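Summary of the model geometry
Single-letter residue listing:
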Amino acid sequence: MGIVIVDRAGWNARPPRDLDDVEHVALSARTEFIVHHTETPTTRSPRSIQDGHMDERGWNDIGYNFLVRDDGTVYEGRGWLVRGAHATDHNVTGLGCAYIGMNAPTEAAKASIRFLYDEACAKAGHTLSQRGHSQVGDTDCPGTTLLAWVESGMRVAHDQV
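The text that follows walks through the structure, step by step, so that each part is easy to find. Only a predicted model underlies this, so the values are computations on that prediction, with no experimental measurement involved. (Residues numbered from 1 in each chain as written. Predicted model: local features only at pLDDT ≥ 70, side-chain atom pairs only at ≥ 80, totals over all residues. Heavy atoms only, no water.)

**What about the pairing of strand β6 (residues 129-132)?**
Put simply, the rule reads: Each residue is placed in one exposure class: buried if its accessible area under a 1.4 Å probe, protein chains only, is under 20% of its type's maximum, exposed if it is over 50%, and partly exposed if it falls in between. Only DSSP runs of H or I with at least four residues qualify as helices, and only runs of E with at least two residues qualify as strands; both kinds are numbered from the N terminus onward. One bridge is not enough; two strands pair if DSSP finds at least two bridges between them.
Burial along β6 is one-sided: Gln130 and Gly132 are buried, while Ser129 and Arg131, pointing the other way, are not. As judged from the four bridges shared by strand β2 (residues 32-37) and β6, these two strands associate in the parallel manner. Considered in β6, the bridge of phenylalanine 33 is made with glutamine 130.

This is the structure in structure tokens:
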């Protein structure tokens, strides 16, 4: 299965509010891959999630490095090399990947999350720890289903990746 990552232009992302606040992080400095869910309907667009992060929370940009839809589509958030805003005290060490939805990912969504994890490890040159957001912060995110999947090693069927 070939994964296509929709870049920021492809989902009409706004530029970061303050370009001086965009901190780049070498992939070799990443040590963990943190899985989230957006706690929104699966139909919510990356742009509306970005708008919420910027306009309601006052963040510089969308918080996640990547987002994944039920059909397996991957969206670039902050991307591979920019500090996220997804897990307090883990935004430099961790790449944040959010499932667009709430605790009920499809096999296609899990396969895309796993693809991103494998890519992150390859790009970093070492194995990243697999974490659910609740393992690094006081939250119910990413929900019981996603957390159990992460804790079991993020396994997917070979024909899914």
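**Considering the sheet that holds β6**
The strand order across the open sheet built from six strands is β1-β4-β3-β5-β2-β6, with neighbouring strands paired in mixed fashion. For this open sheet the edge positions go to β1 (5-6) and β6, each flanked by a neighbour on one side alone. Pairing between strand β3 (residues 66-68) and strand β5 (residues 94-99): three bridges, direction parallel. Its bridge partner lying in β5, valine 68 is registered against tyrosine 99.

**A few points about the layout of surface pockets**
Quick reminder of the rule: As defined here, a cavity is a set of points on a 1 Å grid over the protein atoms alone where a 1.4 Å probe fits but cannot get out. A pocket is an open set with protein on both sides within 12 Å along at least five of seven lines, and residues line them when an atom is within 4 Å of a point. Grid points are joined across faces, edges and corners, and a volume is the space filled by probe spheres set on the points. Amino acids outside the nonpolar list (Ala, Val, Leu, Ile, Met, Phe, Trp, Tyr, Cys, Pro) and the charged list (Asp, Glu, Lys, Arg) are all regarded as polar, and Gly is one of them.
Computed from the structure, the largest pocket encloses a volume of approximately 360 Å³. Considering the residues around the largest pocket, the lining is formed by 21 residues, among which Thr38, His53, Arg57, Trp59 and Tyr64 are closest to the centre. Only β2 and α1 (46-56) provide two or more residues apiece to the lining of the largest pocket. Counting residues per element, the lining of the largest pocket draws most heavily on α1, which supplies four residues. Of the residues contributing to the lining of the largest pocket, the split by class is six nonpolar, 11 polar and four charged.

**Some remarks on the packing of aromatic side chains**
Operational definition: Each aromatic pair joins two rings of Phe, Tyr and Trp (for Trp, the six-membered one) with centres within 6.5 Å, and gets the label stacked for planes under 30 degrees apart, edge-to-face for over 60, and tilted for any other angle.
In the structure shown here, the tally under the stated rule is two aromatic pairs. Between the aromatic rings of phenylalanine 33 and tyrosine 117, the centroid separation amounts to 5.6 Å while the plane-to-plane angle is 75°, which identifies the pairing as edge-to-face. Separated by 84 residues along the polypeptide, phenylalanine 33 in strand β2 and tyrosine 117 in helix α2 (residues 107-124) bring together distant segments of the chain. Residue phenylalanine 33 is classed as buried on the basis of its relative accessible area of 1%. Ring geometry for phenylalanine 66 and tryptophan 80: centres 4.6 Å apart, planes at 55°, overall tilted.

**Quick word on the nonpolar core**
Rules: In this description, a nonpolar core means a group of buried Ala, Val, Leu, Ile, Met, Phe, Trp, Tyr and Cys residues linked to one another through side-chain atoms lying within 4.5 Å. In this description, contact between two residues means that some pair of their heavy atoms is separated by no more than 4.5 Å.
In this structure, Phe33, Ile113, Leu116, Leu128 and Met154 are the most contacted members of the largest nonpolar core, which totals 25 residues. Listed by contribution, the elements that provide at least two residues to this core are β2, β3, β5, α2 and α3 (143-151). In terms of residue count, the dominant contributor to this core is α2 (eight residues). Each residue touching leucine 116, except ones within four places of it in the same chain, is listed here: Ile5, Phe33, Phe66, Val68, Val74, Trp80 and Cys97. Listed in part, the nine residues of the second largest apolar core include Trp11, Ile49, Ile62 and Tyr64.

**Details of the pattern of salt bridges**
Under the convention used in this document: Think of a salt bridge as a Lys or Arg side-chain nitrogen and an Asp or Glu carboxyl oxygen that are within 4 Å of each other.
Under the counting rule described, the total for this entry stands at eight salt bridges. Residue arginine 8 pairs with aspartate 61 through a salt bridge whose shortest N-O separation is 3.0 Å. Of this pair, arginine 8 sits in the loop between β1 and β2 while aspartate 61 sits in the loop between α1 and β3, placing them 53 residues apart in sequence. Accessibility classification places arginine 8 together with aspartate 61 in one group, the buried group. A salt bridge links aspartate 55 to arginine 14, with the shortest nitrogen-to-oxygen separation between them at 3.0 Å. Placement of aspartate 55 in helix α1 and of arginine 14 in the loop between β1 and β2 is noted, with a sequence separation of 41 residues between them. We classify aspartate 55 as partly exposed; its relative accessible area is 49%.

**Considering α2**
Selection criterion: Expected span of a helix, by definition, is 1.5 Å for each gap between consecutive residues, and there is one gap fewer than residues.
In a regular helix each residue adds 1.5 Å, so 18 residues correspond to 26 Å; α2 covers 25 Å between its end C-alpha atoms and thus fits that length. Within α2 the residues assigned to the buried category are Ala109, Lys110, Ala111, Ser112, Ile113, Arg114, Leu116, Tyr117, Ala120, Cys121 and Ala124. Once α2 finishes, glycine 125 follows within two positions and takes phi at roughly 80°, a positive value.

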